[in-house]
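# Overview (structure and organization)
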Amino acid sequence: MTSKLTRGVHHVGLTVPNLDQARAFFCDTLGFDEVGGVPDYPAIFVSDGTILLTLWRAADPVTARVFDRRANIGLHHLSLSVADDAALAAAWAAVTAHPEVVVDAAPGAIRPGSTARHFLILIPGGIRLEFATPFD
């Protein structure tokens, strides 16, 4: 095959236990805009202008299980790009001030010897989210 059949990510759908909590994290903390939704599902769509996320509420949040990245097939984590180290520091300050965020890995090199930096958190509801500077 001489050409690629795809052109990047269209959107990412995430199942969350609480839509209001997820909306608060993405919109109030990260500055995403709510750009639509499906009230009957229920779901909302949020965007930072580059990526579109569909946040779906679990059918039964009480019995829903948190994803185990080491035991389940599927999304291990979602990584969001930031412009540079200053933006990474700003994201770190914002997300660690948000209630119910759990730090998974503090800011540091993405791999030994790399100038690319990242950190990982668990957002309210348990989804693992990474923030990363561009690869060098």
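### Quick notes on the overall build of the protein
If you tally the helices and strands in the protein, you get two helices and eight strands. Helices and strands appear in the protein in the N-to-C order β-α-β-β-β-β-α-β-β-β. Its C-alpha atoms give the protein a radius of gyration of 16 Å, within 12% of the compact-globule value 14 Å for 136 residues. If one aligns the C-alpha atoms of the protein with their principal axes, the spans along those axes are about 45 × 45 × 35 Å.

### Quick look at the packing of aromatic side chains
Scanning the model with the defined rule gives five aromatic pairs in all. The interplanar angle of 90° and the centroid separation of 5.2 Å between the aromatic rings of F25 and F26 together place this pair among those described as edge-to-face. Each member of the pair, F25 together with F26, is buried. Ring geometry for Y41 versus W56: centroids 4.0 Å apart, planes at 65°, classification edge-to-face. A residue pair is termed long-range when its members are at least 10 positions apart, and Y41 in the loop between β2 (33-38) and β3 (43-47) and W56 in strand β4 (residues 52-57) qualify at 15 residues. Assessed through its relative accessible area of 25%, W56 is described here as partly exposed. In textbook terms, an aromatic cluster arises when at least three aromatic residues are bridged by ring pairs, as seen for F25, F26 and F32.

### As for the sheet that holds strand β7 (residues 117-122)
Strand order in the open sheet formed by four strands is β5-β8-β7-β6, with mixed pairing between adjacent strands. In this open sheet, the two edge strands, each paired with only one partner strand, are β5 (78-81) and β6 (102-109). Averaged over all adjacent pairs, the angle separating strand axes in this sheet is 15°, with direction ignored. Sheet topology note: the β6/β7 ladder contains five bridges and is antiparallel. Residue pairing across strands places A105 opposite L120, the latter belonging to β7. Of the strands in this sheet, β6, β7 and β8 (128-132) are in contact with helix α2 (residues 85-97), which crosses β7 at around 15°.

### Some details on α2
Residues spaced three or four apart along an α-helix point in a common direction, a consequence of the helix completing one turn every 3.6 residues. An ideal rise of 1.5 Å per residue puts 18 Å on 13 residues; α2 measures up with 18 Å between its terminal C-alpha atoms. Summarising the contacts, the buried residues of α2 are in contact with α1 (19-29), β7 and β8. Its side-chain oxygen placed 3.2 Å from the backbone nitrogen of A86, D84 serves as the N-cap of α2.

### Things to note about the environment of H10
Along the chain, the position of H10 falls in the segment before β1 (12-16). Separated by 41 residues in the primary sequence, H10 and I51 have C-alpha atoms spaced 7.7 Å apart. A distance of 2.9 Å separates the side chain of H10 from the side chain of H11, its partner in a polar contact.

### Quick notes on the environment of P107
Residue position: P107 is located in strand β6. Between the C-alpha atom of P107 and that of I51, which follows or precedes it by 56 residues, the distance is 22 Å. Sequence-distant contacts of P107, defined by excluding residues within four places in its chain, comprise W92, R117, H118 and F119.

Conventions and cut-offs
- Residues numbered from 1 in each chain as written.
- Predicted model: local features only at pLDDT ≥ 70, side-chain atom pairs only at ≥ 80, totals over all residues.
- Heavy atoms only, no water.
- Helix = DSSP H or I, 4+ residues; strand = E, 2+ residues; numbered from the N terminus.
- Rg over C-alpha atoms; globule rule 2.2 N^0.38 Å.
- Phe/Tyr/Trp six-rings, centres within 6.5 Å; stacked < 30°, edge-to-face > 60°.
- Buried < 20%, exposed > 50% of the residue type's maximum accessible area, 1.4 Å probe, protein only.
- Pairing = 2+ DSSP bridges.
- Axes fitted to C-alpha atoms, helices over the stretch in contact; angles between N-to-C directions.
- Contact = heavy atoms within 4.5 Å.
- Expected span 1.5 Å × (residues − 1).
- Polar contact = N/O pair within 3.5 Å; in protein donor to acceptor, adjacent residues only side chain to side chain.

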